[in-house]
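Notes for the structure review
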Amino acid sequence: MNHSDPRIYIAGHRGLVGSAIVRALLARGHANLVMRSHDELELTDQAQVRAFFRSERIDQVYLAAARVGGIHANNTYPAEFIYDNLQVETNVVHEAWRAGVQKLLFLGSSCIYPRLAQQPIQEDYLMAGELEPTNEPYAIAKIAGIKLCESYNRQYGTDYRSVMPTNLYGPGDNYHPENSHVIPAMIRRFHEARVGAVPEVAIWGSGRPMREFLYVDDMAAASVHVMNLPLEVYRGTTDPMHSHLNVGTGVDVSIAELAGLVSDVVGYTGRIVFDTSRPDGTPRKLLDVSKLHALGWRASTPLREGLRRAYAAFLETQAMETPA
């Protein structure tokens with residue numbers, strides 16, 4: 001392995017997290033980055049993944065490729081969410097191992113935890129209760145990814161680590177009106193309402209659920225930090241059957257508070273109403289990030305500042321989509 005300038009493959013480099021990891025690695029002077037678009041490498045195809053690892057001599061992998069979406073997308077495409085995510089992670093982890101890749105970081109999601117987990121959620125609450133039904137297929141695929149990494153570590157002595165981010169937002173997000181997560185959906189709705197002078201905006205659910213949000217470049221910084229921790233330090237904080245680390249801010253807000261913040265950042269001055277016929281999802285989801293803090297990393301972007309940057313990024317995407 002080339003320690004001075006390792007050859008690093010970022011799977012999912014065009015996605016929200018993958019693109020932020022690319023930014024983080026470039027900022028730290030890593031020039032030897034390997035990226036493939038979906039058209040160039042179909043990660044659900046084992047033969048393609050095997051050929052890629054055989055030819056590319058990769059030293060490290062950041063596995064950020066996944067099929068993702070909000071409540072609506074998870075409910076509408078459950079088969080695709082479980083099948084595609086299982087295929088991607090099994091192909092990448094197994095073929096990385098076959099090709100002799102020693103270091104890999106798997107990116108999961110906080111939806112792996114039980115729906116009614118005690119708050120804040122500690123890493124060892126994994127599989128201690130039932131999952132949220134609206135995203136169970138995705139969650140099961142992500143749990144399988146963690147266990148895949150742990151199993152290869154235990155049997156083959158690899159150094160495959162997992163990080164579980166809370167809700168992420170920022171540049172590179174998906175602003176689809178129906179298939180997006182809560183912050184990009186709100187940014188789009190409030191922006192369109194402001195531009196169209198719409199008197200009120202309806203938010204799904206009661207507004208009471210509590211959520212934690214992490215700016216995506218903070219997530220990328222945490223990922224690089226965890227990947228580069230000395231093995232004995234990482235193993236000293238985790239254990240072989242609970243090797244994943246939570247990544248978040250340790251602070252949450254209600255959906256109603258979030259809606260107020262987003263409308264403020266966007267400059268929307270109309271009314272905000274709550275559509276209680278729509279599902280709320282999990283009542284509260286706050287991660288315990290004390291392990292990550294003990295390992296020397298904490299989030300640095302305040303929510304309002306992150307939302308300001310996210311809105312600026314959204315306006316850039318709008319400008320590119322609008323014909324001159």
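Structure report, in brief.

1. Comments concerning the overall build of the protein
Scanning the protein for helices and strands turns up 11 helices and 13 strands. The C-alpha radius of gyration computed for the protein amounts to 20 Å, which stays within 12% of the reference 20 Å derived for 324 residues, consistent with globular compactness. Taken along the three principal axes of its C-alpha coordinates, the protein extends 60 × 50 × 40 Å. A buried classification covers 52% of the 324 residues belonging to the protein. Across the protein, contacts joining residues at least 24 apart in sequence account for 82% of those joining residues at least 6 apart.

2. Regarding the nonpolar core
Ranked by size, the top nonpolar core spans 39 residues in total, and within it Y9, L43, F53, V61, L63, V92 and L104 carry the most contacts. Breaking this core down by element, the ones donating at least two residues are β1 (8-11), α2 (46-56), β3 (60-63), α4 (78-98), β4 (103-107), α5 (136-156) and β5 (159-165). Broken down by element, this core gets its largest block of residues, seven residues, from α5. Apart from the residues within four sequence positions on either side, V92 is in contact with L43, V49, F53, V61, L63 and L104. Counting residues in each nonpolar core, the second largest holds 32 residues, with L25, L168, L214 and L295 among its members.

3. Some points on empty space enclosed by the protein
Following the criterion strictly, the structure yields one cavity of 30 Å³ or more and no others. In terms of lining residues, the largest cavity is bounded by S110, C111, Y113, P114, R115, I121, E132, N135, T282 and K285. Class assignment for the residues of the lining of the largest cavity results in four nonpolar, three polar and three charged.

4. Observations regarding the pattern of salt bridges
For the structure shown, the criterion picks out 16 salt bridges. Salt-bridge contacts for E56 lead to R36; the nearest nitrogen and oxygen are separated by 2.8 Å. Remark: R36 occurs in the loop between β2 (33-34) and α2 and E56 occurs in helix α2; sequence separation between them is 20 residues. By relative accessible area, which is 26% here, R36 ends up partly exposed. Two residues, E150 and K147, come together in a salt bridge whose shortest N-O distance is 2.9 Å. You can see E150 and its partner K147 sitting in helix α5, three residues apart, about one turn around the helix. Look at K147 and you get partly exposed, because its relative accessible area is 23%. Overlapping salt bridges bring together R7, R36 and E56 as one network.

5. Describing the layout of surface pockets
Estimates place the volume of the second largest pocket at around 180 Å³. Lining the second largest pocket are 14 residues, with N153, R235, D239, P240 and S243 positioned closest to its centre. Elements that contribute at least two residues to the lining of the second largest pocket include exactly α5, β5 and α8 (231-237). Class assignment for the residues of the lining of the second largest pocket results in four nonpolar, four polar and six charged.

6. Considering the packing of helix α6 (residues 182-195) against helix α11 (residues 303-321)
For the pair α6 and α11, the least separation of the axes is 11 Å and the interaxial angle reads 65 degrees. The crossing of α6 and α11 is right-handed. Residue-level contacts link I183, I187, R188, H191 and R194 of α6 to L307, A310, Y311, F314 and L315 of α11. Of the residues that constitute the contact of α6 with α11, the class distribution is seven nonpolar, one polar and two charged.

7. What about the environment of V88?
The topology assignment puts V88 in helix α4. Under the relative-accessibility criterion, V88 is labelled buried at 10%. A C-alpha to C-alpha distance of 9.8 Å links V88 and A141, two positions 53 residues apart in sequence. V88 has contacts with L43, T44, L63 and A65, leaving out every residue within four places of it along the chain.

8. Structural notes on the packing of aromatic side chains
Under the counting rule described, the total for this entry stands at 11 aromatic pairs. Stacked on the ring of Y234, the Lys or Arg R161 has its end atom at 4.6 Å from the ring centre.

The rules behind these values
Residues numbered from 1 in each chain as written. Predicted model: local features only at pLDDT ≥ 70, side-chain atom pairs only at ≥ 80, totals over all residues. Heavy atoms only, no water. Helix = DSSP H or I, 4+ residues; strand = E, 2+ residues; numbered from the N terminus. Rg over C-alpha atoms; globule rule 2.2 N^0.38 Å. Buried < 20%, exposed > 50% of the residue type's maximum accessible area, 1.4 Å probe, protein only. Contact = heavy atoms within 4.5 Å. Core = buried A, V, L, I, M, F, W, Y, C linked by side-chain atoms within 4.5 Å. 1 Å grid on protein atoms, 1.4 Å probe; cavity = no way out; pocket = protein on both sides within 12 Å on 5 of 7 lines; lining within 4 Å. Points joined across faces, edges and corners; volume = space filled by probe spheres on them. Nonpolar A, V, L, I, M, F, W, Y, C, P; charged D, E, K, R; others polar. Salt bridge = Lys/Arg side-chain N within 4 Å of Asp/Glu carboxyl O. Axes fitted to C-alpha atoms, helices over the stretch in contact; angles between N-to-C directions. Left-handed = near helix turned anticlockwise from the far one by under 90°. Phe/Tyr/Trp six-rings, centres within 6.5 Å; stacked < 30°, edge-to-face > 60°. Lys NZ or Arg CZ within 6 Å of the ring centre and 35° of its normal.

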